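Breakdown of the fold
Okay, here's what each chain looks like letter by letter:
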Amino acid sequence: MNATVLPPSARSRPREPLPSKAAPLRKKLLAAGTHLLTARTARQLRRCDDIARQEKIFFRLTSAWAATSFWRGDGVEAALSCERFRATVPLRTYEDFAPAIEQMKAGAADVLWPGRCAHYAVSSGTTAGRTKYLPVTGGMLAHFRQAGLDSLLYYTARVGHSRVFRGRHLFLGGATTLTPLPASGNFAPCAGDLSGITALHLPGWVEKHLYEPGLAIAQMSDWPAKIAAIAARTAHRDISLLAGIPSWTLILAEALRAASPRDCSHLQALWPNFECFIHGGVPIGPFADELRATLGPTVKFHEVYPASEAFIATQDADPADGLRLMADAGVFYEFLPMADFDESRLAHLGPKAVPLAGVHTGVDYALLLSTPGGLARYVVGDVV
């Protein structure tokens, strides 16, 4: 388990490593790799074979669920057809899954997903007032890693180049320190913000070449001290991407102005290669004008739709065109027409939900998720 990391003092802060002779080569390899991935992503987006990808994901998930006690009780087995799945597996909310998740937190194996799950993302309480503990299995970590990279590649495909990968990526989030949960034996579960769990499981190349503000600062829970530490660390770094909610971003910008000895009328004056601002979770409209003035005249906005349950969608075109479903990142999606939605009858509405192939434009749907965290036909509470 990770203890809370206090803000490093100026004397105790470790020195930055000296650049090695291999650093330029690694940068060139990263640039070449992301250029190729951008071109491949652009081709995939033009092919638009999301329905076929969703079908493959469905069969992978049901094969895994067939090895668990919870889903065997629903009749889930390997090679289950989508039609049979829709007819027999009911829609569920978090409250329906809560007893099984409590078993998993206590160390039980093969409950909702094969094996044991040691990490849980804490999300907002339900209507019943319960805090949600969402299982973050190895499969979910793989989903968030893939969806996060794919989202950036949607951006590079949209703008036609991969230069955003030449600089550092600053993620402005809450404290990433995880809290131990009650356990027995050698099982040591923990819970916390999803950003904390994913930050502890970053691929090595991301942590080394891209991720800011570094794990030590990311774990800080004192918000003013954290902002000051981020500003001090990044004021002289080559930041090409910033991700955060608008209000926090504006606060950071003020701290950066104070930390920089140079004129910093906007962040591009501080970071010349800064080109992308990632946002999601809150409406950006009320902040748009102030953000554009604060970030810089040519910074592009990139909208994402993440949740603790899954990384659901991301921008791939003009904002007016909406967001694109992350259809190839390990999560299976279904859509229940809002005309049929009745929270008191969820257990009987399964056959009315349709996969991506059955969706029609101009219709409002309640979104359902089936994930490698062991949740299936989960009513996430959003309308699309």
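Refer to the structure presented above.
Quantities reported herein were computed from a predicted structural model and do not represent experimental measurements.

Our next topic: the pattern of salt bridges. As enumerated under the stated definition, the model contains 13 salt bridges in all. Between R47 and D49 there is a salt bridge, with the nearest N and O atoms lying 4.0 Å from each other. You can call D49 partly exposed: its relative accessible area is 26%. The partner of E102 in a salt bridge is K105, and the shortest N-O contact between them spans 3.1 Å. Linking E102 with K105, this pair stays in helix 5 (residues 94–105), spanning 3 residues, or about one helical turn. Residue K105 is classed as buried on the basis of its relative accessible area, which comes to 11%. Overlapping salt bridges bring together R47, D49, D50, R53, D316 and R324 as one network.

With 22 residues, helix 6 (residues 138–159) extends 32 Å between its outermost C-alpha atoms, agreeing within 8% with the 32 Å of an ideal straight helix rising 1.5 Å per residue. All of the buried residues along helix 6 are M140, L141, H143, F144, A147, D150, S151, L152, L153, Y154, Y155 and T156.

So, about the nonpolar core. In this structure, L112, I312 and Y333 are the most contacted members of the largest nonpolar core, which totals 74 residues. The residues contacting L112, other than those within four sequence positions of it, are W65, T68, F70, W71, F97, A100, I101, M104, G373, G374 and L375. One finds I227, A253, W271 and I284 within the second-largest nonpolar core, a separate group that totals 27 residues.

Another point: the packing of helix 11 (residues 246–259) against helix 13 (residues 288–295). Put simply, helix 11 and helix 13 touch, their axes get as near as 11 Å, and they point 30° apart. Taken together, helix 11 and helix 13 sit at an angle that is classed as roughly parallel. Helix-helix and strand crossings are classified by hand; for helix 11 and helix 13 the assignment is left-handed. On the side of helix 11, the interface is formed by P246, T249, L250, A253 and R257, while helix 13 contributes E290, L291, T294 and L295. Grouping the constituent residues of the contact of helix 11 with helix 13 by class yields 5 nonpolar, 2 polar and 2 charged.

All right, on to unusual backbone geometry then. The amide bond that connects E212 to the next residue, P213, takes the cis arrangement and shows omega of 20°. Positioned with a positive phi, R377 is a non-glycine residue whose angle comes to about 55°.

The strands making up a sheet are joined through hydrogen bonds of the backbone, oriented either antiparallel or parallel. Read across the open sheet, the 4 strands follow the order 13-12-14-15; overall the sheet is antiparallel. With one partner strand each, in any of the chains shown, strand 13 (354–355) and strand 15 (378–383) form the two edges of the open sheet. Judged from the 2 bridges that link them, strand 12 (residues 332–337) and strand 13 form a sheet pairing that is antiparallel. Across the sheet, E334 pairs through a bridge with P355, a residue of strand 13.

This part covers the sheet that holds strand 1 (residues 119–123). A sheet is described by the order of its strands in space; here 4 strands give the open sequence 2-1-5-4, paired in mixed fashion. Both outer strands of the open sheet, strand 2 (132–135) and strand 4 (179–180), are each paired with one neighbouring strand and no more. Docked against the sheet, helix 5 engages strand 1 and strand 2, running at close to 65° with respect to strand 2.

This brings us to the environment of I197. Locating I197 in the fold gives a position in helix 7 (residues 194–199). Between the C-alpha atoms of I197 and L141, which are 56 residues apart in sequence, the distance is 8.5 Å. Excluding residues within four positions of it along the chain, I197 makes contact with H119, Y120, A121, V136, L141, L178 and G192.

Rules behind the numbers
Residues numbered from 1 in each chain as written. Predicted model: local features only at pLDDT ≥ 70, side-chain atom pairs only at ≥ 80, totals over all residues. Heavy atoms only, no water. Salt bridge = Lys/Arg side-chain N within 4 Å of Asp/Glu carboxyl O. Buried < 20%, exposed > 50% of the residue type's maximum accessible area, 1.4 Å probe, protein only. Helix = DSSP H or I, 4+ residues; strand = E, 2+ residues; numbered from the N terminus. Expected span 1.5 Å × (residues − 1). Core = buried A, V, L, I, M, F, W, Y, C linked by side-chain atoms within 4.5 Å. Contact = heavy atoms within 4.5 Å. Axes fitted to C-alpha atoms, helices over the stretch in contact; angles between N-to-C directions. Parallel < 35°, antiparallel > 145°, perpendicular 65-115°, else oblique. Left-handed = near helix turned anticlockwise from the far one by under 90°. Nonpolar A, V, L, I, M, F, W, Y, C, P; charged D, E, K, R; others polar. Pairing = 2+ DSSP bridges.

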